[in-house]
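Okay, here's what each chain looks like letter by letter:
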Amino acid sequence: MSLSRRALLGTAAATVPLLHARAQRPSIRIGVLTDLSGLYQDIVGPLLVESVRLAVTDSGIVARGTDVEIVVADHQNKPDIGSNITREWFDRGGVDVILDGGSSAVALAVSGVAKDKNKVLLATGAASSDLSGKSCNANCIHWSYDTYMLSKSTGAAMVKAGGDKWFFITADYAFGHALARDAGTFVEQAGGKVVGGVRTPFPGTTDFSSYLLQAQANGANVIGLANAGGDTINCIKQAREFGIKATLGGLLVSLADIHSLGLDVAQGLTMSESFYWDLNDRTRAFTARLAPLYPSRKPGMQQAGSYSAALHYLKAVSAVGAAKMKSDGAGAVEVMKSMPTDDDVFGPGTIRPDGRKLHPAFLFRVKKPSESKGPWDYYSLVGTTPAGEAFRPMTEGGCPLVKV
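Below is a short write-up of the structure.

Quick notes on the rules
- Residues numbered from 1 in each chain as written.
- Predicted model: local features only at pLDDT ≥ 70, side-chain atom pairs only at ≥ 80, totals over all residues.
- Heavy atoms only, no water.
- Helix = DSSP H or I, 4+ residues; strand = E, 2+ residues; numbered from the N terminus.
- Buried < 20%, exposed > 50% of the residue type's maximum accessible area, 1.4 Å probe, protein only.
- Contact = heavy atoms within 4.5 Å.
- Pairing = 2+ DSSP bridges.
- Axes fitted to C-alpha atoms, helices over the stretch in contact; angles between N-to-C directions.
- 1 Å grid on protein atoms, 1.4 Å probe; cavity = no way out; pocket = protein on both sides within 12 Å on 5 of 7 lines; lining within 4 Å.
- Points joined across faces, edges and corners; volume = space filled by probe spheres on them.
- Nonpolar A, V, L, I, M, F, W, Y, C, P; charged D, E, K, R; others polar.
- Polar contact = N/O pair within 3.5 Å; in protein donor to acceptor, adjacent residues only side chain to side chain.
- Expected span 1.5 Å × (residues − 1).
- Disulfide = S-S within 2.5 Å.

1. Some words on the side chain of Gln302
Working step 1: Note on placement: Gln302 falls in helix α11 (residues 301-320).
Working step 2: Among the residues examined, Gln302 registers a relative accessible area of 1% and is labelled buried.
Working step 3: Aside from chain neighbours lying at most four places away, what touches Gln302 is Ile43, Val44, Leu48, Thr124, Gly125, Ser144, Tyr145 and Leu252.

Here it is, written out as structure tokens:
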């Protein structure tokens with residue numbers, strides 16, 4: 001399959017034809033809006049695009065008579081760029097559904113555009129729990145994970161283990177704010193205390209040493225890292241370099257981050273994810289099918305979640321027809337909500353009326369080098385939170401779709 005590139009609103013965009021258009025065949029166009037070049041490119045980026053491509057192949061929809069095309073663009077973690085690309089795609093690009101990878105601020109902006117244009121957003125890489133809370137709408141499903149899930153699984157577990165004085169280093173935008181807010185709530189509910197915090201400019205912060213030292217001076221025994229990607233990696237490296245004694249609470253640490261850090265640095269870290277490539281036979285089977293498309297990395301939960309979301313969308317297309325899914329975005333989302341989910345990434349699941357996709361959450365510990373069998377064998381399973389308990393209760397999120 002060839003990859004042709006064209007300019008779109010000053011960003012790199014790509015069109016990936018999965019089948020040459022044939023006369024009178026129904027078609028679907030999927031837009032993948034992700035971070036291809038910034039801090040989050042390893043946890044979303046090109047591997048997320050390949051995960052969506054695999055979903056199209058695994059769905060079998062093309063063989064059954066519906067053509068699919070994937071269009072790709074880099075939102076650069078900027079809400080204005082993300083929303084401008086989205087409008088272009090919906091108004092003139094023929095895009096029916098967008099999968100958003102990366103920034104919560106971008107996803108929140110794109111969600112508003114999807115509502116205005118009555119199209120579909122599947123938020124697979126963004127974390128803010130507001131996407132299924134106060135900012136929810138009938139055109140958006142929040143898929144892979146969220147700040148509530150991460151905070152409940154990791155924050156509560158660390159307080160129980162003795163980490164009761166928290167200082168948050170927070171990326172200063174929607175994702176960081178929601179993560180620090182949700183984690184702080186669980187810390188206090190578990191009997192801990194938030195002793196301070198600082199918001200760091202995003203993007204653009206590379207030196208976190210002064211913030212780490214400030215946290216230590218405040219008497220924190222846990223430094224909550226309410227950031228992700230390159231920011232988290234820099235925080236962990238610099239904490240090791242400066243001999244910070246407080247435990248690091250990585251609230252969103254990905255498999256790609258551990259790979260970049262190495263087990264010598266990352267060993268012992270505790271984090272929560274909704275997917276691990278070596279969790280069971282089904283996750284290993286998915287990873288094996290994805291490997292030929294992107295052999296240099298194993299997928300994380302954002303990339304795997306994009307496969308899951310795209311596959312379920314295409315199942316809905318097969319169930320009711322492309323014309324119905326294209327004509328009414330809110331109606332398309334209702335079709336998806338009415339169908340149980342099941343795939344090799346998350347197993348069986350459901351989608352709630354507030355747009356929250358439900359599946360279990362897992363608490364992992366990073367292995368010591370001596371425990372690992374080789375590259376990407378990094379996690380030991382510590383605990384599992386069932387799907388019905390992993391995410392915020394629907395009546396507590398403030399979603400206007402939910403009648404309390």
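2. Remarks on the sheet that holds strand β14 (residues 347-351)
Working step 1: Pairing within the open sheet is antiparallel, and its 3 strands lie in the order β13-β14-β15. With partners counted over all chains shown, the strands left at the sheet margins are β13 (341-343) and β15 (357-358), one partner each.
Working step 2: As judged from the 3 bridges shared by β13 and β14, these two strands associate in the antiparallel manner. Within β14, the residue paired with Asp342 across the bridge is Pro348.
Working step 3: Here α11 sits on the sheet in contact with β13, β14 and β15, set at roughly 120 degrees to β13.

3. Comments concerning the layout of surface pockets
Working step 1: Its volume calculated, the largest pocket comes out at about 250 Å³.
Working step 2: Contributing to the lining of the largest pocket are 18 residues, with Met158, Val222, Thr247, Leu248 and Gly268 lying nearest its centre.
Working step 3: For the lining of the largest pocket, the secondary structure elements donating two or more residues are α4 (147-160), α7 (229-241) and β11 (247-250).
Working step 4: Looking at the lining of the largest pocket, its residues break down into 9 nonpolar, 7 polar and 2 charged.

4. Observations regarding helix α13 (residues 329-338)
Working step 1: Along α13, the residues classified as buried are Gly329, Ala332, Val333, Val335, Met336 and Lys337.
Working step 2: Looking at the buried positions of α13, the neighbouring elements they touch are β6 (120-123), β7 (140-142), α11, α12 (322-327) and β14.
Working step 3: Two to three positions downstream of the cap, the backbone nitrogen of Ala330 sits 3.3 Å from a side-chain oxygen, assigning the N-cap of α13 to Asp328.

5. Topic: α11
For an α-helix, the turn length of 3.6 residues means that residues three or four places apart are oriented alike.
Working step 1: For α11, spanning 20 residues, the distance from its first C-alpha to its last is 28 Å, which sits close to the expected 28 Å at 1.5 Å a residue.
Working step 2: Taken across its 20 residues, α11 has 16 buried, putting it largely inside the fold.
Working step 3: Once α11 finishes, Gly321 follows within two positions and takes phi at roughly 100 degrees, a positive value.

6. So, the state of the cysteines
Working step 1: This structure, assessed with the given rule, holds 1 disulfide.
Working step 2: Disulfide partner of Cys136: Cys399, at an S-S distance of 1.9 Å. Of note, the bridge from Cys136 to Cys399 carries an S-S torsion of about 80 degrees and is right-handed in sense. One end of the pair, Cys136, is in the loop between β6 and β7; the other, Cys399, is in the segment after α14 (387-390), with 263 residues separating them in the sequence. Accessibility assignment for this pair places Cys136 and Cys399 in one class, buried.

As far as function goes, none of this settles anything; it's purely spatial.
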